[in-house]
Each structure stands twice: as C-alpha cells, then as structure tokens.
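These are the residues of each chain, in order.
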Protein chains: 2
Amino acid sequence: MLQFTDVEAAAARLKGVAHRTPVLTSRTLDAMLGAQVFMKAENLQRMGAFKFRGGYNSVNALSDDQRAKGVVAFSSGNHAQAVALAAKLHGCKATIVMPHDAPALKLAATRGYGAEVVIYDRYKEDRNAIGKRIADETGAVLIPPYDYLPVMAGQGTAGLELLQDAGALDAMIVCAGGGGFLSGCTVAARHLHPAIRMYGAEPERGNDMQQSLREGRIVSIDVPRTICDGQQTQSVGKHPWEVIRSQVAGILAVPDPVVVEAMRFAFERMKVVLEPSGACALAALMHHREQFRGQRVGVTLSGGNIGMDRFIALMTGAEVVD
Amino acid sequence: MLQFTDVEAAAARLKGVAHRTPVLTSRTLDAMLGAQVFMKAENLQRMGAFKFRGGYNSVNALSDDQRAKGVVAFSSGNHAQAVALAAKLHGCKATIVMPHDAPALKLAATRGYGAEVVIYDRYKEDRNAIGKRIADETGAVLIPPYDYLPVMAGQGTAGLELLQDAGALDAMIVCAGGGGFLSGCTVAARHLHPAIRMYGAEPERGNDMQQSLREGRIVSIDVPRTICDGQQTQSVGKHPWEVIRSQVAGILAVPDPVVVEAMRFAFERMKVVLEPSGACALAALMHHREQFRGQRVGVTLSGGNIGMDRFIALMTGAEVVD
C-alpha cells in the first residue's frame, strides 16, 4: 500500500521542478457556504493540472536504462501531457495513447511537448491493452494514469502542501477519477492529521467510486457521459482502492450543472480558470455544503485545461448541460 | 515625494490583511518572448485588484476621529471597491462616486461592501469636484484614487513583494492610469535595485503619460475611448508625476487588440482571468518584446474584475476592438 514516505520522497523529487501552487481563499465563498475554505490551485501547476506531479515523479523514479527505452502512457488528457512533459524534461521519448474525443487543446499540448500521440476510440477500444502492446513492442515503461504507486505518491504532494500552507483541516475534498489523486492526498493528509475526513468528488453520472464504497468492492460502470472529461474512468484503480476503501470518509456525487456553476464562480469571483473536472471538488462542496458548515475545508482545484471555445459554450449554454 | 519608508510602513499595515499574491511564471511565455517573465498576480488580490492595497493603507492611516466621519472616493471601479472594502473592514462609512458606465460587476461589488454609491456622467461631470463637495458637506476624508501618498505607498507593496519573490530584475512593467501603482512600485523597486528599469504600460489611445514624459510636463488628454476601463485617466497625478518624471525609463503604449490577445493568453495558458487594464502590462511586454529579449522582466497582472458577458464579448469579437 502507498506509504507516507513515498509521498515525502516524491515531494523531494518535485522540489524546484513543480510549482508550489498557491492556496486560494475567498471570503465571498466562505460567507456563501458558512465554512472556511482553502483551495489548492493546481490549475496553476505546470501544464495546467496536478497530473504533472505524478507524471514527473514516475519518470524521475526510473533508472537511466529504463528511461533510455522511453515511456508510454494512456490518458484522456492531463496525464498524457504530464508524462509527455516529464519525458521531455528527462530527455526521453514518450508515446501517448489518447482518446479520439480528447479536447483539442490537450492533444495539441501533448504533441507540443514532443510526444508521439496514438489515437484510439474511447467507446470501442481498450486503451490499457493498446498501451501494454506498445510497451511490449518497444520496451518502453508503461506509466498508468492512476493505478501506479509513483503516480499516486506524486499527486499526494498537492495534499501535503495544502496542509502545510493551510494548517489543520477538518475535511479535504479531492476530485476523483481513477483515485490516484484522492489516494495520494489521503495518505499524506491522514499521516499529518489522522482525524481529517477525506472525501472524493465524482460526477453524479460517473459515480463508480461511490458505488464501490457502498458495496465494499470495486464496481465497474460504462464510460460515463459527463462534462467532466478528466473523470470518465469506469472503475477505481486497485492500488488507490486499497487506500480509499478504508481511509476515505465518503464520495460526494455532483450533477454536471453544479460543476458549471463552480466554474463560473471561480471565473467571476476568484479570477481563475477551471476545466470541468478541475471544478468538481469545489462543486461538491457547494452541492453538499450542509455537511461542512462551520468547518475548515480543503478543496483541490485540480486543473484548468479547457479551450476558450468550450468554456464559452458551457458558460453561455450553447453546450447544453443536464 | 513618496519615500521607500512609506512603502515599508504600508507593507506592515497590509501584512495578514492583503493576500500575498503569487508570482506566476510560464515557460511557454518565456519561450515566446525570449525573456524570463515574473508576473505578480494581483488579480488574485482581495476584491480582485491591487487597488485594495492603496485603499486599505489609506483608511488604516487615518485617525479614529477621521474614520468616524467616514471616507469618500471617486473611481471608475477597482479603487471604489478597495475603499469600500477597506472602510467596511475598519467599520466606517464609505461614499463612492462612480461613473454611469462603470462595469455592472464593479457597481454591484461596491454596493455589496456596504458603500453608498453616487453616480456621475464620466463625459460631462467632474468627479473630483463631486467628491470634494461630499467631503466638505459630511466631513468625510476624500481618498483619491492615485494622487495621494498613502495610496501610492500601498500600491508599491505589490512591486516590493514581486522583487522579494522573484529576486533582482532587469526591468519591471506596471500598468499605468493615474500613476499611483507605477510610482509606488518605482520607489520600492529602485530602492532595492537602483539599476532596475521601470516602465509604465498605457493603452495607445490614452497615452497621456507617454506624452507627458516626452514633453517633460503633465499633458492632459480627453477621456480616452479604450477597452482598458481602469486607465481612462486624463492626466497623471501630481504626486506620482514627481516620481515618474525622473525615475521611470519609459512608457509602453499598447493597442487595444493586443490587450485582448494578452487576456486570451492569460486564460488559455496561465489559467487566470484578467480585465483589460489588468492585462495591459503583459500586453505591453508582448507588443514591445524586442526591448526585453534575454532579460528578467517583472510584470503586474493588476486586476481580474470583468463580468462573464463582457469577457465573452471581447473573446468572440462580439465587442469590436480596434
């Protein structure tokens, strides 16, 4: 199982490489929710999302011989960019398997970091199998997006920094797809503050992790149709699940329209840009505010990689969200 | 003339009250411009702009007897909110004189801070005279938006922090309207690094400060028609001018369309929201990049108070910018 020492080691690797992103506060939000909220602005992280932490930590942890054969990753977007950028920084080759409907901005950014992109059909093909085949054929190391200890450890450094900067918190809400971010932050947070309650935030229509926690086993669902493109995972990873099953207080499901509201609030009041999945934890806090009244709550703003056109479509209602 | 000790005193007053805003960097921007750029994100400041610094410092510097009679301010927006919020934090009454065409978001925010708002016609009435009349009638202290040492000192703390966090810089570009921000930052910066070159950034159609520097006297212009609503001043203030005339290396004029480009870049690549005037210094660096090649350059991102509708209109071209 992931240990706190893994997160500490990742923090040492990332020092001076990842941005130490600011913790934002908003008195307007605090008044609105009746809580004291500390938001870790990972949208201001390198390549626009927390995923840089896990990607860099994973590539950095490889041996020189391993890196010489390159790395391969599959991802709906931010992990792809993270591994591509991490590979570039280490001077090694990256092959990235991305879905045909990944946001254009993410595709372009991944290629911009010098990675080779292989496209697959999200609804028909198995990215896992494609990634493994490339790894087998080339000898490259496969770096999975969440079910991998070095990725989980890297993501956990964001939770570590949040607690270092905000001080003790009653609860922390972390956006959850495959569970890498949530499990990493949970291990970091509960080591520092054993009484902290950790929550995952999931889109309502992709609530596999909520179902898994309820049933006490990993539940797998169809690819969820949600605007939260970073959270279209079908099931939680096995390694994250080991942490989540026993140490997470609950999963907060969020309707997509509330995610749009949170994106708008972040824009208008906090002056930051969030992609849908990046706003999911804030939306969860807004939607479930009664549970957190009077508390000191940490929230991850996990990414800001959204194109202007998509953002405007969501804000104007040109893209219908239900 | 404004002294470094005034800025230091303001920094002490603002400690724990103003946000210590982050200094953002973007390797994409650095590669694009061939310079190393350090951006002071004052759009993430309380009430969304650096103006909070000057407003709070001014109200805090008053005696209890003075504050008991209230404060009055005139402003196109951000200074209004700053004084309104500062007054609220000190438990004193604020009356704010605002133009009829001030952005709705700024009007609403000012009233939201509990201030009384008095509307005037920007193109017909003299806000200075209106402010003075209210001060005379009520005994309230008038807090001008820039031509006032405590405001200049407060704004200068942003430049101080930028240098503390980024280290020595070759140049710093500060957006300039009445010159409060530019003069405050100049006094702070040149005390710490006497060789630093300080630049103001002005919209091309409102380049009164550029004209003033060229002619060696304060030049006054008609109210400029520019999208940069925070910089529609007609002339530099007398107190800022004392600093600017002798210590500023130059004024960089920026066409409005480049300001829109800078806003788009900030959104897409840096994940932050800037209002037009808030993007003016970044736009100036983009437009005059040859002058700064190979240098370490500080830039103020001075504010993010723009409504969603206006932002979308500017980004889609629904509001024509020329």
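How each quantity is defined
- Residues numbered from 1 in each chain as written.
- Chains lettered and ligands numbered in written order.
- Predicted model: local features only at pLDDT ≥ 70, side-chain atom pairs only at ≥ 80, totals over all residues.
- Heavy atoms only, no water.
- Helix = DSSP H or I, 4+ residues; strand = E, 2+ residues; numbered from the N terminus.
- Rg over C-alpha atoms; globule rule 2.2 N^0.38 Å.
- Buried < 20%, exposed > 50% of the residue type's maximum accessible area, 1.4 Å probe, protein only.
- Contact = heavy atoms within 4.5 Å.
- Areas by Shrake-Rupley, 256 points an atom, 1.4 Å probe, with all protein chains shown as cover.
- Lys, Arg positive; Asp, Glu negative; His and termini not counted.
- Charge placed at Lys NZ, Arg CZ, Asp CG, Glu CD.
- pLDDT = per-residue confidence, 0-100.
- Phe/Tyr/Trp six-rings, centres within 6.5 Å; stacked < 30°, edge-to-face > 60°.
- Salt bridge = Lys/Arg side-chain N within 4 Å of Asp/Glu carboxyl O.
- Buried area = accessible area lost by both parts, 1.4 Å probe.
- Polar contact = N/O pair within 3.5 Å; in protein donor to acceptor, adjacent residues only side chain to side chain.
- Domains from an automatic or database assignment.
- Nonpolar A, V, L, I, M, F, W, Y, C, P; charged D, E, K, R; others polar.
- Axes fitted to C-alpha atoms, helices over the stretch in contact; angles between N-to-C directions.
- Parallel < 35°, antiparallel > 145°, perpendicular 65-115°, else oblique.
- Left-handed = near helix turned anticlockwise from the far one by under 90°.
- Least-squares fit on C-alpha atoms with pLDDT ≥ 70 in both.

Caption draft 1: Quick look at the overall build of chain A. Of the regular secondary structure elements, chain A holds 14 helices and ten strands. Computed over the C-alpha atoms, the radius of gyration of chain A is 18 Å, within 12% of the 20 Å expected from 2.2 N^0.38 for a compact globule of 322 residues. Projected onto the principal axes, the alpha-carbon positions of chain A cover approximately 55 × 45 × 40 Å. Within chain A, buried positions represent 64% of all 322 residues. A separation threshold of at least 6 residues defines the contact pool for chain A, and within that pool the share at least 24 residues apart is 72%. As presented, chain A carries roughly 11500 Å² of accessible surface, and 47% of it is formed by carbon and sulfur atoms. Averaging the coordinates of the 34 positive side-chain charges in chain A and doing the same for the 32 negative ones gives two points 4 Å apart.

Caption draft 2: Region of interest: the confidence of the model for chain A. Across chain A, pLDDT averages 95, with 100% of residues at or above 70. The ipTM for the predicted assembly is 0.92, set against a pTM of 0.94.

Caption draft 3: Examining the packing of aromatic side chains more closely. Residue and element names in this part refer to chain A. Counted according to the given criterion, the structure contains ten aromatic pairs over all chains. Note on phenylalanine 50 and phenylalanine 181: the rings are 3.8 Å apart at their centroids and 10 degrees apart in plane angle, and the pair reads as stacked. Here phenylalanine 181 lies in helix 9 (residues 180-192) and phenylalanine 50 lies in the loop between strand 2 (36-41) and helix 3 (51-61), a separation of 131 residues in the sequence. Taking 5.2 Å as the distance between ring centres and 80 degrees as the angle between the ring planes, the aromatic pair formed by tyrosine 199 and phenylalanine 292 counts as edge-to-face. With tyrosine 199 in strand 8 (residues 197-203) and phenylalanine 292 in the loop between helix 13 (280-287) and strand 10 (296-301), this pair connects stretches of sequence that are 93 residues apart. Take tyrosine 199 and phenylalanine 292: they sit in the same class, and that class is buried.

Caption draft 4: Spotlight on the pattern of salt bridges. Here the structure, examined in full by the defined rule, presents 27 salt bridges over all chains. Across the salt bridge formed by A:Asp121 and A:Lys124, the nearest N and O atoms sit 4.0 Å from each other.

Caption draft 5: The arrangement of the interface of chain B and chain A in detail. Chain B puts 24 residues into the contact, and the matching count from chain A is 24 residues. Interface area, chain B with chain A, both sides summed: about 2300 Å², of which 67% is carbon and sulfur. Among the residues chain B hides against chain A, the three largest losses belong to B:Phe267, B:Lys271 and B:Met308. Together they make up 33% of the total. Taken together, the connections running from chain B to chain A amount to zero salt bridges. Put simply, chain B and chain A have five residue pairs in polar contact (both at pLDDT 80 or more) between them.

Caption draft 6: A look at the domain arrangement of chain A. All names here are of chain A. Per the domain assignment, the segments making up chain A are domain 1 (4-49 + 148-316) and domain 2 (52-142). For domain 1 and domain 2, the distance between their C-alpha centroids amounts to 23 Å. In this assembly, 32 residues from domain 1 lie in contact with 25 residues from domain 2. Both sides together, the interface formed by domain 1 and domain 2 hides about 2300 Å², and carbon and sulfur atoms give 55% of it. At the surface where domain 1 touches domain 2, the tally comes to two salt bridges. A salt bridge links arginine 53 to glutamate 42, with the shortest nitrogen-to-oxygen separation between them at 2.6 Å. Put simply, domain 1 and domain 2 have twelve residue pairs in polar contact (both at pLDDT 80 or more) between them. Secondary structure elements with two or more residues in the side of domain 1 that touches domain 2: helix 1 (4-14) and helix 8 (149-166). Tallying contributions element by element places helix 8 first for the side of domain 1 that touches domain 2, with eight residues. Of the residues contributing to the side of domain 1 that touches domain 2, the split by class is 13 nonpolar, eleven polar and eight charged.

Caption draft 7: Region of the structure containing the packing of helix 10 (residues 208-215) of chain B against helix 11 (residues 238-247) of chain B. Residues and elements named next belong to chain B. Relative to each other, helix 10 and helix 11 sit at 60 degrees, their axes nearing to 10 Å. Considering their axes alone, helix 10 and helix 11 lie oblique with respect to each other. Relative to helix 11, the crossing made by helix 10 is right-handed. In this structure, helix 10 uses Met209, Ser212 and Leu213 to contact helix 11, whose residues at the interface are Trp241, Ile244 and Arg245. Of the residues assigned to the contact of helix 10 with helix 11, the class counts are four nonpolar, one polar and one charged.

Caption draft 8: Quick look at the side chain of B:Glu42. Residues and elements named next belong to chain B. With respect to the helices and strands, glutamate 42 occurs in the loop between strand 2 (36-41) and helix 3 (51-61). Its relative accessible area of 0% is what places glutamate 42 among the buried residues. There is a polar contact of 2.6 Å between the side chain of glutamate 42 and the side chain of arginine 53.

Caption draft 9: Fine view of the environment of A:Val71. Residues and elements named next belong to chain A. Residue position: valine 71 is located in strand 3 (residues 71-74). Residue classification places valine 71 among the buried residues on the basis of a relative accessible area of 1%. As for valine 71 and phenylalanine 52, which are separated by 19 residues in sequence, their C-alpha atoms are 15 Å apart. In contact with valine 71, other than residues within four places in its own chain, are Val59, Leu62, Val83, Ala87, Cys92, Lys93, Ala94, Thr95, Ala140, Val141 and Ile143.

Caption draft 10: Broad picture of the side chain of A:Ser302. Residues and elements named next belong to chain A. Along the chain, serine 302 falls in the loop between strand 10 and helix 14 (308-316). A distance of 3.5 Å separates a polar atom in the side chain of serine 302 from the backbone oxygen of serine 277. Each residue touching serine 302, except ones within four places of it in the same chain, is listed here: Glu42, Asn43, Gly48, Ala49, Phe50, Cys175, Phe181, Ser277 and Gly278.

Caption draft 11: Main features of the relation of the copies chain B and chain A. By a simple turn and slide, chain B fits onto chain A: the slide is 0.0 Å along the axis, the RMSD is 0.0 Å, and the turn is 180 degrees. The transformation relating the two chain copies, once decomposed into turn and shift, fits a two-fold axis. In terms of proximity to the rotation axis, the leading residue of chain B is B:Val272, whose C-alpha is 2.2 Å off the axis. Mapped onto chain A, 100% of the interface residues of chain B are again interface residues, and the two copies thus contact each other with one and the same surface.

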